[in-house]
Amino acid sequence: MLKVQPEFDLRRDVEADIRRKEAAVCRVKDYSGAVDILILNTERDGGILYSWKVITIIGSSGATRVGKYDSSTKQNKLLYTFDKQVCVSSCSLNKEETLLAVSLAQNNGGEEHLKPSETRSHAPSFIDMLHHFSSLALVSQCLTLLIEIHPINNTKVLKAVDCRVKVQFLHPETNRRSVQESHLLLLTEDGYVDQYHVMLTRHEGYKVQVVANPERLSKTAERVAEDFCWVQWDVHTQRLYYLTHADKFLLRCVQFYDNHNCETVLELPLALPAHAFSTVKFVNLGFDHHHVEKPERVKMEVFTNRLGSMCVCSSRPACHKPELIYSVVLVHKDCSKTFRVTLGQPTRDSTLLHPLFIPIGYYVVVYLRACFLHCINTRQQEMLCHSLFLSGDDADLGLSSKSGAFTVLHADDESSVALLDLPNGTIHGVQLSPPHLLQILRSGPRSGRPNNMVDAQRLATLHCLLLYSGNDPNVELEIIEWLCDNVKVFESFDPIQEFILASLYRISYQKSLSLDKLLPCSSVFEGKEVPACLTEIPGVLCTTLLHTESVFKGKARSVQGFWSELQWNTERTAYFDVDPNPRYRTSHVQAYWSKLMTEKPSSHMTHVLENTKKVLSMVDTWRLDRKLVPLFQEEDHHQKLLIGLTVEKLREHLNTHLPRQGKKKIDSLVINYVAKLLELIRHMLESVWLKHKLGPLVLCFKQRASPGEWAVFHFMLRILEATRGLCMPLPPGYQTLLAALALRCLPHHTFLQYVDHRFLQLTDTFVSRLMTELDNSAANEKLKFSVLKRLPEANRFYHMWDHPISSASISRDYVRNLLGGRNKNKTQKVSRLFPLVLLQGFAFTGRDKASFRTDVLPLTYLAKVLSDIEEQGLNPFEEQENVDATFVEETALKQTLILLGFEGK
C-alpha cells in the first residue's frame, strides 16, 4: 500500500565521513574509535543536525561535536566543538548558518564544566561568560546557549533552569541578501514559549554578521504562549500549535510571518481525556536522547495542506479492551470522525499502544504494525467506502521498528512524507504505492470474504489511485486496462462511472477546496440508496460529530493564503450542511435535455449551442498531433445539446453556491470541466485503441470484426451505459463509431435489436456510409430496408442508394410534392382529368406543348396544368445520383394506374 524508500542513513551518510575527518585530525590512516552519533533536529531546508562524541587524546574525557548534513549537496559540515563530553538535548541552526542554539542537559558524570576549545578565541568577555554559566551548570538541569559559529565563537547564556528547554530558529522565506536579525524560539517544560529577537551587525574585519549588544539579548524575549501541556512545531509552514487545559482542552495556533511577527489565528476546542498528558509533550522539536519519555495516554499531531485543509489526529487505547480509538478532526470540513478498531488478542502494552499518523496528499494514513492500515480520505469523508482499510498481511509496510519508534518529518511536497526511524538513524521517504494499489484493485475475492466487501475495498482503492496518482499517464493506462478486463459491472458501483467522476474531481478540486461539496466525485451519491456494504467496515466502528466550533482570529480574517482559505472552507461547509442538496447531480440534466429535444429552435437553444462551441473549441486545441480515434469530426445535434446544457446547469449550480469565485472564473472552470470530460472519454478510447492495435479499417463495413474490435465494442458499450446513467455527454462522433463497430461485430438481426433498444443511434454519417459502402446482396438489401424503416426521415437517404426501390420512392415523393403542395381546386381538377387520360391510353413522353392534341379539351387542359406545375417546381434530379428520369416517369404512371385500380401492385 505504501512505498518506503531509504533516503538517509546515519551510518552511511555521516559516520563514514566523520571517521575520515577524525583520522585526518589524528593523523592516522583509519580512525577506529567509537563514534556515537545522535540525530538532534531537522531544519526547514532539509538539513539534519547531529552530534557525536570522540576521544581526542588517550586518557582524556573526549569532546562533543555538532554537525550538519546537507540533504541537497550530500555534504557534512562541522558547526561547533565542545571540549568536554556534554549531553545535547536540543539544537537549532539559523537560516544563514551563523548562529547555533543549544540546550545542554545535566548528566551524572560531572562533565558539565565547559571550557573554550583550544582552537577558539580566548577573548576576555568569553572567559567571564564561561565562568558564569559553568557555575550555573552545577545547580541547573538544563543550560541553553546561543553560540556564534563565525567568526570568534562567542557564547551567550539564554536559560539555566531545572526543566527541559527546546530551541528552534525561525526560517522565514525571504530573498533579502542582508539579514539584520534572527529569531529564536525557546520552549520550556514549564509550559511557556519565548521568542528572542537576535539583532545582528557586521563585525569589523569579517564579512559575516555577529550578535549586536549580546548583553541586552535577554531583554528582547517576547512571550508567545504559556500554560500549555502539548506543543507542536511545523517547520515548513512556520506554525506553532499548543494545547491548553482549563475547563476544557483548547488547541491554539500561532502563525509566524516572514516579517517575524506572529499572531494567534485559530482556537479549536478538543474532546480529550482529563489527564491526557502527565508532562509537557513536544512534537517535531528535535530529539532528546538524554530524556526517557513516559508513555502518554494520548498521542496527538496536526497536519495541514496548502489548499486549505487541516486535520488534528489523536489516539488513545480503550480501557480494559483490546481496542484502539483514534480520531481525526477535519477542521476544513467542520466535523470530526472517531474510529474504534478491534485489535484481537490484548497484548501486555496494549493500554499504551499508539498508531503512526502519516499525511500523504489529502489522505491521512493510520498505521499500527501487524494490525491494520487505514487510509482516510480527508476530502470525501461522508462515506467509509472512500477510505481504504487494510488488515493482516495487506497492512504490512515492511518497517523493522515498531510504529512508536517513527517520527513524521513534515515536508513541502504533499505527495510524499519522510519517516525518521530514530533508533536506527534512518530516514525513509513514504509514498502511496500505485503498483500495490493496482494489485489490490485486480485481486479477486479471497476465501471467506464476501464479494460486496471486496467491492468496497476496490472502490476505495480506485479513488485512492485516481486522486493520488491520476496525473501519472502510466497509472491511468493501467486503470483503463483494468476497466477493459472487467466487463461485468460490480454489484455496488459502476467502475467506469467512478473513473470518470473521480478523474474530473481530481482535475477540478485543485482550483478550490470548496468544490469538494459541490462537484460529483462518485456515482454512489447519484443513487437513491447507498448499498449497505459501502457504509461499513467489518471490525471498525465510526462515529461522526458535526461542528467543531473552530474560531478564527486576527489576521486569518483578512490575509490571503492558507488561513483565509481554511476559514472560507469551514464557513462554506457549515452552509452546505444546511443545504439538503449541495452536490451537483448530473442526472438532473435528463429532464431538461428531454424537454429541449422536443422544442423548436429558439434563443435558449442558440444559447445552449454557444456553450457547446466554447467546449469544442477548447477540445480541438488539445493533442492535435494525436487523434487516433475518429471523434469530433461530424455534426451530432443530440450530443451538442447535451454538452451545452451540461455547461449551463453546472454553471448555474456553482454560481448559486460559490458567489465568491466570480462568474468569469466559474465560467472558465465549467467550460474546462466539460471539455475535460470529453477529452477523458477520448483518452479512454485511445488507450484501448492502442492496446488492441486498431487501425482505420474500423469504419469499413465490408469486413467482419477482429477479436480486438470485439473488445473495444464491449468497452464502448460500457462507456455508453455509464454516461447514460449519469446523463453525461459523449464526444460528437462516438455514436457513429459505436454503430460501425456494432455492425462489424454483431449479426444483422442482433444489430437491429440494439437499435430498437436504443443502445445504438443511427446517425446521418453512419446511414450514409451504410447506403454507399455495402453492396446490394440479399442480406444487405434487407439490412438497408430495415435501417431505413427505422428512420423518421428516410427519404433523405434514398438518393445515396443505387437501387430501383430507392428510385421508386424518390419518384413517389416527387409526384406527391409536385401535386400536393399546389392550389387545392387546381389539384382536384387534375385528379378528375387523370381517368380520361388513362382511358384514352395517352402517354406523354415529350414536354413540348405544341405536340399535345387540341381536339380533346380535358386532355389539353390537363397537359397545360401539369406543364405549368412542373415548370414552377424544383427539379429533384439536380445534384442527385442514381436516378433515371425516364424510369421515374414510367414509375409515376404505373403508380397512378395502381391507385386508380387499373393494375395490380
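Predicted model, so just to flag it, every value in this text is computed and none were measured.

(A) Fine view of the sheet that holds strand β15 (residues 228-234). The strand order across the open sheet formed by six strands is β19-β15-β16-β17-β18-β32, and the pairing between neighbours is mixed. Edge positions in the sheet fall to β19 (281-283) and β32 (551-552), since each of these pairs with one other strand and no more. Bridge count for strand β18 (residues 262-270) against β32 is two bridges, and the pairing is antiparallel. Looking across to β32, one finds that L266 is bridged to F552.

(B) Structural view of the environment of G695. Its location among the elements puts G695 in the loop between α11 (663-691) and α12 (707-726). With relative accessibility at 34%, the residue G695 sits in the partly exposed group. For the pair G695 and L628, spaced 67 residues apart in the sequence, the C-alpha separation amounts to 8.3 Å.

(C) Highlighting the environment of Y505. With respect to the element layout, Y505 can be found in helix α6 (residues 495-509). Among the residues examined, Y505 registers a relative accessible area of 1% and is labelled buried. For Y505 and D516, which are 11 residues apart along the polypeptide, the C-alpha to C-alpha distance reads 8.1 Å. Among all residues touching Y505, those that are not within four sequence positions of it are Y362, R379, Q380, L467, L515, D516, P520 and C521.

(D) Spotlight on the sheet that holds strand β22 (residues 323-330). Spatially, β20-β21-β22-β23-β31 is the arrangement adopted by the five strands of the open sheet, whose pairing is antiparallel. Each having just a single partner strand, β20 (299-305) and β31 (540-546) make up the two edges of the open sheet. Direction aside, neighbouring strands of the sheet carry axes that sit 15 degrees apart on average. As judged from the seven bridges shared by strand β23 (residues 335-342) and β31, these two strands associate in the antiparallel manner. When the bridges of β31 are listed, K337 appears paired with T544. Across the sheet, helix α7 (residues 562-578) touches β20 and β21 (309-317), and the angle it forms with β21 is around 75 degrees.

(E) Summary view of the pattern of salt bridges. Per the stated rule, a full pass over the model turns up 29 salt bridges. A salt bridge links D485 to K691, with the shortest nitrogen-to-oxygen separation between them at 3.2 Å. Here K691 lies in helix α11 and D485 lies in helix α5 (residues 473-485), a separation of 206 residues in the sequence. A relative accessible area of 56% means that D485 is categorised as exposed.

Rules and cut-offs
- Residues numbered from 1 in each chain as written.
- Predicted model: local features only at pLDDT ≥ 70, side-chain atom pairs only at ≥ 80, totals over all residues.
- Heavy atoms only, no water.
- Pairing = 2+ DSSP bridges.
- Helix = DSSP H or I, 4+ residues; strand = E, 2+ residues; numbered from the N terminus.
- Buried < 20%, exposed > 50% of the residue type's maximum accessible area, 1.4 Å probe, protein only.
- Contact = heavy atoms within 4.5 Å.
- Axes fitted to C-alpha atoms, helices over the stretch in contact; angles between N-to-C directions.
- Salt bridge = Lys/Arg side-chain N within 4 Å of Asp/Glu carboxyl O.

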